[in-house]
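Remarks on the overall topology
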Amino acid sequence: MKFSETYQQLNIFSQCRKYELPLWQCPQFLFLIMGIFIIAATLTTYAIGTRYIANPQIVILVILAITAILFIISFIITQSFERLAEANRMKTEFISIISHQLRSPLTNLRWAIDLLLSGEVGKIEEKQMEFFTILRENGSRMEELVSDLLIVSRMESEKQLPKKTLFSLEELTKNLIAKAYAFAKSYNVEIKLMTENNLPKIFGDASQVELVVENLLDNAIKYIKKGGVIEIGLSKNDKNIHFKIKDNGVGIPREDQKYIFQKFFRSENARRTQTQGSGLGLYICKAIIEKNGEKMGFKSEEGKGSTFWFTLPIK
Ligand code: ADP
């Protein structure tokens, strides 16, 4: 951690400003006050206890007063945590409502543009076609972002319960490779799949796992910098199936690696290679895998490539 980050974390006033809470409701500030109070109270109790040893009522009264003050402080701390939790819930609900509301106008927009581009409502000039194509591309980019936001808000509000079934990860991966064929070809990318024989089925939510594999495959193609090879491997051990996807793309700079699963994070070199992206894909992938009680990780070297992996349970 950099010195400035450590300083930021120790600076209680700036932390409280960040949460937009008054000082007396800020958990960090209250924690500091409580710490100081506990030390002072311990010393005072010791001093009073030794001086008034013959008069235990005074000692008991002091202890009662200290307990009451500690009780009040912990009550305020609990309340401020409640406020933070409520603010977080409202934020998730807000994102969910906004993404729902944005979805239908965006879909209507896409349909209208598709109709115009099809030429069914009149011939359009070449120059107009160019602008309509830009409109369609940007519209679908917004649709993707909105759908990612919706997935995140559903996951965070735990509204969507997984529908677990037995399914073949190998079949799912093959289908997605076939679906990505045209996209991969446009980047001049070859995709290889290597699987162990007789892989058992896995137990999980197939549509969520599909989202994970699709995201990882999409990233591997996007960040490959024109032309390359993607190797996907499936293997098994006692309890789970191990999925890995290796690319020889731009890789992830070492200093960015700790942020890679954070919401909205996009590394500088990736943004240079690929302007499109929400920075939500990997956050969603990790959350899905961890909800299954499994693990996801990666190793990467800038300029050489990345390998992302995850495990899923066999039932
Ligand atoms: P997005 O791809 O929309 O930016 P993701 O959450 O899928 O969002 O990925 C977050 C960031 O992780 C990317 O912006 C990029 O910096 C990095 N990243 C993910 N996959 C790869 C990859 N295969 N190669 C290099 N960088 C990657």
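What you see is a predicted model, and the numbers here were worked out from it, not measured in a lab.

Cut-offs used in this document
- Residues numbered from 1 in each chain as written.
- Predicted model: local features only at pLDDT ≥ 70, side-chain atom pairs only at ≥ 80, totals over all residues.
- Heavy atoms only, no water.
- Buried < 20%, exposed > 50% of the residue type's maximum accessible area, 1.4 Å probe, protein only.
- Helix = DSSP H or I, 4+ residues; strand = E, 2+ residues; numbered from the N terminus.
- Arc of directions from axis to C-beta.
- Polar contact = N/O pair within 3.5 Å; in protein donor to acceptor, adjacent residues only side chain to side chain.
- Near = heavy atom within 4 Å.
- Areas by Shrake-Rupley, 256 points an atom, 1.4 Å probe, with all protein chains shown as cover.
- Patch = residues over 30% accessible without salt bridge, like charges linked within 9 Å, V, L, I, M, F, W, Y side chains within 5 Å.
- Salt bridge = Lys/Arg side-chain N within 4 Å of Asp/Glu carboxyl O.
- Core = buried A, V, L, I, M, F, W, Y, C linked by side-chain atoms within 4.5 Å.
- Domains from an automatic or database assignment.
- Contact = heavy atoms within 4.5 Å.
- Buried area = accessible area lost by both parts, 1.4 Å probe.
- Pairing = 2+ DSSP bridges.
- Axes fitted to C-alpha atoms, helices over the stretch in contact; angles between N-to-C directions.
- Phe/Tyr/Trp six-rings, centres within 6.5 Å; stacked < 30°, edge-to-face > 60°.

Note that an α-helix has 3.6 residues per turn; residues three or four places apart therefore point the same way. Of the positions making up helix α6 (residues 169-179), those classed as buried are L169, E170, L172, T173, L176 and I177. Within α6, the buried residues cover an arc of 160° as seen down the axis, which keeps them to one side. Looking at α6, the residues exposed on the side facing more than 90 degrees away from the buried face are N175, A178 and K179. N-capping of α6 is provided by S168, with a side-chain oxygen placed 3.3 Å from the backbone N of E170.

What follows is about the site of the ligand. Near the ligand, the surroundings consist of 21 residues, among which N219, Y223, R266, S267 and L282 are the closest. Y223 places a side-chain nitrogen or oxygen 2.7 Å from an oxygen atom of the ligand. Between an oxygen atom of the ligand and a side-chain N or O atom of S267, the distance comes to 2.8 Å. Considering the ligand on its own, with 530 Å² of exposed area, one finds that the protein chains cover 98% of that surface.

This part is about a nonpolar patch on the surface. Nonpolar side chains collect at one region of the surface, where I60, L61 and L64 lie side by side and expose about 320 Å² of accessible area between them. With respect to the helices and strands, L64 occurs in helix α4 (residues 56-118). For L64, a relative accessible area of 53% puts it in the exposed group.

The next thing to look at is the nonpolar core. Formed by 42 residues in total, the largest nonpolar core has its most connected members in L169, L216, F243, I245, M296, F308 and F310. Broken down by secondary-structure element, the contributors of at least two residues to this core are α5 (126-156), α6, α8 (206-222), β4 (228-236), β5 (240-247), α10 (281-291), β6 (296-301) and β7 (305-313). Looking at this core, the element that brings in the most residues is α8, giving 7 residues. Taken domain by domain, the makeup of this core includes at least three residues from each of domain 1 (1-158) and domain 2 (165-313). Every residue in contact with L216, bar those within four places of it in the chain, is listed here: F243, I245, L282, M296, F308 and F310. With 5 residues, the next largest nonpolar core counts A41, V59, V62 and I66 among its residues.

When the parts of a complex come together, some accessible area is lost, and that lost area is often used as the size of the interface. According to the domain assignment, the chain contains domain 1 (1-158) and domain 2 (165-313). Of note, the centres of domain 1 and domain 2, computed from C-alpha atoms alone, are 29 Å apart. Between domain 1 and domain 2 the total buried area reaches about 990 Å² when both faces are included, carbon and sulfur atoms providing 64% of it. For the interface between domain 1 and domain 2, the tally reads 1 salt bridge. A salt bridge links K263 to E156, with the shortest nitrogen-to-oxygen separation between them at 2.7 Å. Counting the contacts that link domain 1 with domain 2 gives 4 residue pairs in polar contact (both at pLDDT 80 or more). With 8 residues, α5 is the single largest residue contributor to the side of domain 1 that touches domain 2.

Below, the discussion takes up the pairing of β5. Strand direction decides the pairing type here: β4 and β5, joined by 7 bridges, are antiparallel. Considered in β5, the bridge of S235 is made with H242. Between β4 and β5, which pair antiparallel one after the other, the connecting turn spans 3 residues. The pairing of β5 with β7 spans 8 bridges and is classified as antiparallel. Across the sheet, K246 pairs through a bridge with T307, a residue of β7.

In spatial order, the strands read β2-β4-β5-β7-β6; together these 5 strands make up an open sheet with mixed pairing. The open sheet has two free edges, formed respectively by β2 (189-195) and β6, since each of these has just one partner strand. Taking each pair of neighbouring strands and ignoring which way they run, the sheet shows an average axis angle of 15°. Against the sheet, α8 touches β2, β4, β5, β6 and β7, its axis set at about 20° to β5.

Below, the discussion takes up unusual backbone geometry. In the Ramachandran plot, N188 falls in the positive-phi region, its phi being about 60° despite a non-glycine side chain. Residue placement: N188 occurs in the loop between α7 (181-186) and β2. Of note in the backbone geometry, N198 takes a positive phi value of approximately 50° without being a glycine. As for its position among the elements, N198 is in the loop between β2 and β3 (202-204). Accessibility expressed as a relative area gives 73% for N198, which makes it exposed.

Across all of its chains, the model carries 5 aromatic pairs by this definition. When the ring of F183 is compared with that of Y187, the centres are 5.2 Å apart and the planes differ by 75°; the resulting orientation is edge-to-face. Seen in terms of ring centroids, F261 and F298 are 5.8 Å apart; in terms of plane orientation they differ by 65°. Their pairing is edge-to-face. Taken as a pair, F261 in the loop between β5 and α9 (268-273) and F298 in strand β6 lie far apart in primary sequence, 37 residues in all. The exposure classification of F261 matches that of F298, with both residues buried. By way of ring pairs, the aromatic residues F261, F298 and F308 are connected into one cluster.

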